[in-house]
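Chain by chain, the residues:
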Amino acid sequence: MQRLVSFLDSTETFYDQLLKYCNVLAPLKQIHSSLTTSGFIFQNPHLGAQLIIKYAKYKEPDNARSLFNTIHNDKPNSFLWNTMIRAYATNGHCAETLELYSLMRRSGISANNFTFPFVFKVCASKSLILEGKVVHGDVIRAGFHSDLYVEAALVDMYAKCGQTDDGCKVFDKMLMRDSVSWTSMITAYEQAEKPKEALVLFQKMQQDSIMADSVTVVSVASAVGQLGDAMKAQAVHGYALCNAFLEDLCVGNSIVAMYAKCGNVKKARMVFDRMEERDGISWNSMLSGYTENGQASEALLLFDEMQDSGCKPNPVTALILVSACAYLGSRHLGRKLHEFIINSNTKIDVTLWSALMDMYAKCGDLDTAESIFNDIHPSERNVSSWNVLISGYGMHGQGEKALELFTQMQEEGVEPNHITFTSVLSACSHAGLIDEGRKCFADMTKLSMKTEVKHYACMVDMLGRAGLLYAAFDIIKQMPSSPNDSVWGALLLACKIHGDTKLGQIAANNLFQLEPEHAGYYVLMSNIYAASNKWQEVGKLRQDMKNKGLKKAAAFSVIEIGKEIHGFHTADQVNPYWEEVYKKVESLAVEMKMAGYVPDLSCVLHDVEEEDKEHTLNYHSEKLAVAFGIMKMEPEMAIRVTKNLRVCNDCHSAFKLISYIYGRKIIVRDANRFHHFKDGTCSCKDYW
Ligand code: ZN
Ligand code: ZN
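Along each chain, residues carry numbers from 1 onward, in the same order as the chain's sequence is written. Here every chain gets a letter starting at A, and every ligand a number starting at 1, in the order they are written. Local features in this predicted model are restricted to residues whose pLDDT is 70 or higher, and side-chain atom pairs enter the listing and the counts only when it is 80 or higher, whereas totals over whole chains, interfaces and linings include all residues. Note: side-chain values were computed over all heavy atoms of the structure, leaving out hydrogens and water.

### What to know about the domain arrangement of the protein
Now for step 1: Considered domain by domain, the protein is made up of domain 1 (195–274), domain 2 (278–358), domain 3 (478–547) and domain 4 (557–682).
Now for step 2: Taking the mean C-alpha position of each, domain 3 and domain 4 sit 27 Å from one another. Each domain's extent is set by a domain assignment, obtained either automatically or from a database.

Structure representation (structure tokens):
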């Protein structure tokens, strides 16, 4: 007997050792079958558990399960069940984990602090909040709600499912919190776009002397980016630097993105330049940092460096660069980029196709945008591809075509979303299609689509431009939420077009409260006063601006001639051709006057001396750019100019006249839309 026991003991040790050192799948299966045929496994369930762990490691949870099925009835213990649940959970088999958990409970085996964390893990991975809450109930009944591991898993589950309130409740009750739980909660707030809460928690974490890890720093940086707080960005950067987190690639990337989102592109670039290692995400963060901060040309320069560095651009890179070209309005660069994307075999999905369409539309090339749309297989077109085309036609003043597409889209069974309605409403607004716009707005309610602030802004814009100022004001009064700057801004602009000082004042007062730093609204309001000769009010506003140190944004226009891009500021004396251009502009003014042109002096700042006003008008950036185009381009070529602000009334009438006198096609893209000038008229029908 003694011998037999020692034999069995040694056999058990033998298998134990064998399993420990077995690092290949095939012999594992042999051990499995020999243990089963000898029946040895039934007397030594811990060997079975070890086999299950090994199978899980080799991502063979099905083999693990068949072993589990043969042995679990023999000696019911929670250890074996937990091992199997863990095997499923760590292999991401969500449904199987939950199924086994409920089987465990039905078999009367108690779950414990080794069971719950793995069940929560799978609930978190698939956002199964309902299932998670049921298991949370089980935890309380089983009395494990104060267990550190269970609590940490619960916090993580609620956090990953976006249930910050429930997560916070568990977190607040925890007696001991490890850095994982702190990080889970901070990340949850960051992901739920509650950056302030995330930062408060990070502060408390430091007060509790809990050391952050790189995941924490990434979340905190992203929260600061959401806030756009440049001061806090410096602090997070300092913290990462002092605690040697910057060597971590993910942290470095997040700091670059954070600075870019806070508008500090210089600092972003500095961190980027100092990174020892960079991946595609680093390059993309820096590229989109430039694009989102209006430095599209820098993005294109950086892209050259990226290619030199040997880092291959991916579809995200392509998307960022396409939007940079759209921003620049450069058809030449856009085409080059399009070719590059095709030649580099970048996978073009429907999102990238839509971005290309958007780029062509914004570069004034609607035909190419539409032909791309037609090339996308109808089954692959999604709602955003339709939206891009609808908004493209809207920008170019082709409201009827936009409406046609809107109908066609619905006929083809694509459901419009809130962006579609914004595009359609703004297309109606640009084309002055009031009845159609009103109908579309009413349709939203019929389709039980939620009307958002931006839809109201479109309606106010549309009615206001058409001179229905009080109808526009009524729309504002009916809004369920408080109107924002774009709503009041649309009304103010309409008051400028139609010369209404009374409503203008109401709109302006609201805007001065909402956006006290925005010089544009002060300028607009003072122009409204000036148009009705209220010089005292004009003086007051201009003094206000001076006191607050507000300056009108500098106007800038760009023209593409061949492969070259030329930029002009207002009254530019930096552009190498400025002297020639000034001469051309002056001779144009003389010819236009002979054709009956009267300069619109209301477009000039009113603190300028009267005789200088006419002079100043000549040197508006868009006039300089167009004059340069007339000088340098063949007469049959269209002159394409992009301006960062709205085109002014005087330049608008001047371009209509130039298009007539010289028989030239002029296409101007301003901050709002496109103007196609031809034979003395504009596609906007003077409605912009
Ligand atoms: Zn102008
Ligand atoms: Zn126009």
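### A few points about the packing of helix α12 (residues 179–191) against helix α13 (residues 195–207)
Now for step 1: Viewed as axis vectors pointing N to C, α12 and α13 meet at an angle of 160°, and their least axial separation amounts to 7 Å. The pairing of α12 with α13 is recorded here as roughly antiparallel in orientation. Note that α12 runs across α13; the crossing there is left-handed. Facing α12, whose interface residues are Ser 179, Trp 182, Thr 183, Met 185, Ile 186, Tyr 189 and Glu 190, α13 presents Pro 195, Glu 197, Ala 198, Leu 201, Phe 202, Lys 204 and Met 205.
Now for step 2: Residue polarity follows a fixed list, in which Ala, Val, Leu, Ile, Met, Phe, Trp, Tyr, Cys and Pro are nonpolar, Asp, Glu, Lys and Arg are charged, and the others, Gly among them, are polar. Grouping the amino acids of the contact of α12 with α13 by side-chain chemistry returns 9 nonpolar, 2 polar and 3 charged. Note on geometry: axes are lines fitted to C-alpha atoms, helical ones only across the stretch in contact, with angles between N-to-C directions running from 0 to 180 degrees. Strands are runs of DSSP state E lasting at least 2 residues, helices are runs of H or I lasting at least 4, and numbering of each runs from the N terminus. Working rule for angles: under 35 degrees goes down as roughly parallel, over 145 as roughly antiparallel, 65 to 115 as roughly perpendicular, anything else as oblique. Each helix crossing is assigned a hand: it is left-handed if the near helix lies turned anticlockwise from the far helix by less than a right angle, otherwise right-handed if that turn is clockwise. Between two residues, a contact is recorded if the distance between any of their heavy atoms is within 4.5 Å.

### Here's the deal with the coordination of the zinc ion (ligand 1)
Now for step 1: Counted as donors are N, O and S atoms no farther than 2.8 Å from the metal, or 3.2 Å for Na, K and Ca; water is not among the atoms, and sites may therefore look incomplete. Ligation of the zinc ion (ligand 1) by protein atoms is provided by His 620 (ND1), Cys 648 (SG) and Cys 651 (SG), these donors lying 2.0 to 2.2 Å from the ion.
Now for step 2: Read in sequence order, the donor residues for the zinc ion (ligand 1) give the motif H-x27-C-x2-C. Here the residue His 620 occupies a position in the loop between α35 (610–618) and α36 (621–632), and Cys 648 occupies one in the loop between β3 (639–643) and α37 (649–661), the gap between them amounting to 28 residues. In this pair, the class of His 620 matches that of Cys 648, namely buried. To sort residues, take the accessible area from a 1.4 Å probe on protein chains only and compare it with the maximum for the residue type: under 20% means buried, over 50% means exposed, and anything in between is partly exposed.

### Some words on the coordination of the zinc ion (ligand 2)
Now for step 1: The zinc ion (ligand 2) binds to the protein through His 652 (NE2), His 675 (ND1), Cys 682 (SG) and Cys 684 (SG); the donor distances cover 2.0 to 2.3 Å.
Now for step 2: Working rule for geometry: tetrahedral if four donors all subtend angles between 85 and 135 degrees; square planar for four, octahedral for six, if opposite donors exceed 155 degrees and the others stay between 65 and 115; irregular in every other situation. The coordination sphere of the zinc ion (ligand 2) comprises 4 donor atoms, whose angles at the metal cover 101 to 117°; the geometry is tetrahedral.
Now for step 3: All donors to the zinc ion (ligand 2) come from one chain, and their sequence spacing reads H-x22-H-x6-C-x1-C. Residue His 652 is located in helix α37, and its partner Cys 682 is located in strand β6 (residues 681–682); the two are separated by 30 residues in the primary sequence. The pair His 652 / Cys 682 is uniform in exposure class, with both members buried.

### Digging into the pattern of salt bridges
Now for step 1: Salt bridges are defined by distance alone: a side-chain nitrogen of Lys or Arg within 4 Å of a carboxyl oxygen of Asp or Glu. The tally for this structure, following the rule as stated, stands at 23 salt bridges.
Now for step 2: With a shortest N-O distance of 2.9 Å, Asp 138 and Arg 141 are connected by a salt bridge. Taken together, the positions of Asp 138 and Arg 141, both in helix α9 (residues 129–142) and 3 residues apart, correspond to about one turn of that helix.
Now for step 3: Using a relative accessible area of 7% as the deciding quantity, one classes Asp 138 as buried.
Now for step 4: The exposure class assigned to Arg 141 is exposed, which follows from its relative accessible area of 64%.
Now for step 5: Ionic contacts of the salt-bridge type, sharing partners, join the residues Arg 105, Asp 138 and Arg 141 into one network.

### Quick look at the packing of helix α6 (residues 78–90) against helix α8 (residues 116–125)
Now for step 1: At a minimum axis separation of 9 Å, α6 and α8 run at an interaxial angle of 25°. Overall, the two elements α6 and α8 adopt an arrangement that is roughly parallel. Between α6 and α8 lies a crossing whose hand is left-handed. Together, Ile 85, Arg 86, Ala 89 and Thr 90 of α6 and Phe 118, Val 119, Lys 121 and Val 122 of α8 make up the contact between the two elements.
Now for step 2: For the contact of α6 with α8, the per-class residue count stands at 5 nonpolar, 1 polar and 2 charged.

### Here we look at the sheet that holds strand β2 (residues 564–569)
Now for step 1: By the convention used here, strands pair only if DSSP detects at least 2 bridges between them. Spatially, β2-β1-β3-β4-β5-β6 is the arrangement adopted by the 6 strands of the open sheet, whose pairing is mixed. Strand pairing shows two members of the sheet lacking a second neighbour, β2 and β6, which therefore form its edges.
Now for step 2: For β3 and strand β4 (residues 666–669), the ladder comprises 4 bridges, and the chain directions are parallel. Among the inter-strand pairings, Thr 642 is bridged to a residue of β4, identified as Arg 669.

### Regarding unusual backbone geometry
Now for step 1: In this structure, Lys 59 is a non-glycine residue whose phi angle is positive, near 55°.
Now for step 2: With respect to the helices, strands and loops of the structure, Lys 59 is situated in the loop between α4 (45–57) and α5 (61–71).
Now for step 3: Relative accessible area serves as the criterion here: at 63%, Lys 59 is assigned to the exposed category.

### Here we look at empty space enclosed by the protein
Now for step 1: Whether a set of points on the 1 Å grid over the protein atoms alone is a cavity depends on a 1.4 Å probe fitting there but being unable to get out, while an open set qualifies as a pocket with protein on both sides within 12 Å along at least five of seven lines; lining residues are those with an atom within 4 Å of a point. Grid points are joined across faces, edges and corners, and a volume is the space filled by probe spheres set on the points. Under the counting rule described, the total for this entry stands at 4 cavities of 30 Å³ or more.
Now for step 2: Quantified by volume, the largest cavity comes out at close to 90 Å³.
Now for step 3: Along the walls of the largest cavity sit Leu 328, Gly 329, Ser 330, Arg 331, Val 558, Ile 559, Glu 560, Ile 565, Arg 640 and Thr 642, which together make up its complete lining.
Now for step 4: Of all the secondary-structure elements, those providing two or more residues to the lining of the largest cavity are β1 (556–561) and β3.
Now for step 5: Residues of the lining of the largest cavity, tallied by class, amount to 4 nonpolar, 3 polar and 3 charged.
Now for step 6: In this structure, the lining of the largest cavity is formed jointly by two domains, domain 2 (278–358) and domain 4 (557–682), each of which donates at least three residues.

### Some remarks on the packing of aromatic side chains
Now for step 1: Under the pairing criterion, centres of Phe, Tyr and Trp rings, with the six-membered ring standing for Trp, must be within 6.5 Å; the plane angle then separates stacked pairs below 30 degrees from edge-to-face pairs above 60, leaving the rest tilted. Scanning all chains against the criterion turns up 18 aromatic pairs.
Now for step 2: Judged by centre distance (4.9 Å) and plane angle (45°), the ring pair of Tyr 577 and Phe 628 falls under tilted. You can see Tyr 577 sitting in the loop between β2 and α34 (578–594) and its partner Phe 628 sitting in helix α36, a full 51 residues away along the chain.
Now for step 3: You can call Tyr 577 partly exposed: its relative accessible area is 26%.
Now for step 4: Measuring from centroid to centroid gives 5.6 Å for Phe 655 and Phe 677, while their planes differ by 80°, and the two rings are edge-to-face. Residue Phe 655 is found in helix α37, and its partner Phe 677 is found in strand β5 (residues 674–678); the two are separated by 22 residues along the sequence. Here Phe 655 matches Phe 677 in class, with each residue buried.
Now for step 5: Charge over a ring is defined by NZ of Lys or CZ of Arg lying within 6 Å of the ring centre and within 35 degrees of the ring normal. Stacked on the ring of Phe 171, the Lys or Arg Arg 177 has its end atom at 4.4 Å from the ring centre.
Now for step 6: The aromatic ring of Phe 373 is capped on one face by Arg 381, whose charged end is 4.3 Å from the ring centroid.

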